[in-house]
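What follows is each chain in one-letter form.
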Amino acid sequence: MFFYQQSNNAYKLNNADKIKAEDFNNESDVYIVDTNFNWTYVHTHEDDCGPYFYKLIN
């Protein structure tokens, strides 16, 4: 799934293995998560910040 910082909508990704970080270069801050929120990828709109990746470790 992915969602934008300023939106209440979330979108399910099909063929997520085809997505590249560069696909979001002209977007506002975007968050991509797995269905269980075990990991999060954040692609910011700033060129000098991110991208960030966080994974829960049990």
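This write-up is about the structure you can find in this document. (Residues numbered from 1 in each chain as written. Predicted model: local features only at pLDDT ≥ 70, side-chain atom pairs only at ≥ 80, totals over all residues. Heavy atoms only, no water.)

1. Description of the pattern of salt bridges
As a working rule, side chains carrying opposite charge can pair if their charged atoms are close by. Convention followed: Here, a salt bridge means any Lys or Arg side-chain nitrogen found within 4 Å of an Asp or Glu carboxyl oxygen.
Inspection of the entire model under this criterion finds 1 salt bridge. The residue K18 makes a salt bridge to D17 at a minimum N-O spacing of 3.8 Å.

2. Digging into the sheet that holds strand β1 (residues 2-4)
The following threshold applies: Only when DSSP finds a minimum of two bridges between them are two strands counted as paired. Strands here mean DSSP runs of E at least two residues long; helices mean DSSP runs of H or I at least four residues long; both are numbered from the N terminus.
What the 5 strands build is an open sheet, ordered β2-β1-β3-β4-β5; its pairing is antiparallel. Edge positions in the open sheet fall to β2 (10-11) and β5 (52-55), since each of these has one partner strand only. For strand β4 (residues 39-43) and β5, the ladder comprises 4 bridges, and the chain directions are antiparallel. Paired with V42 across the two strands is Y52, which belongs to β5.

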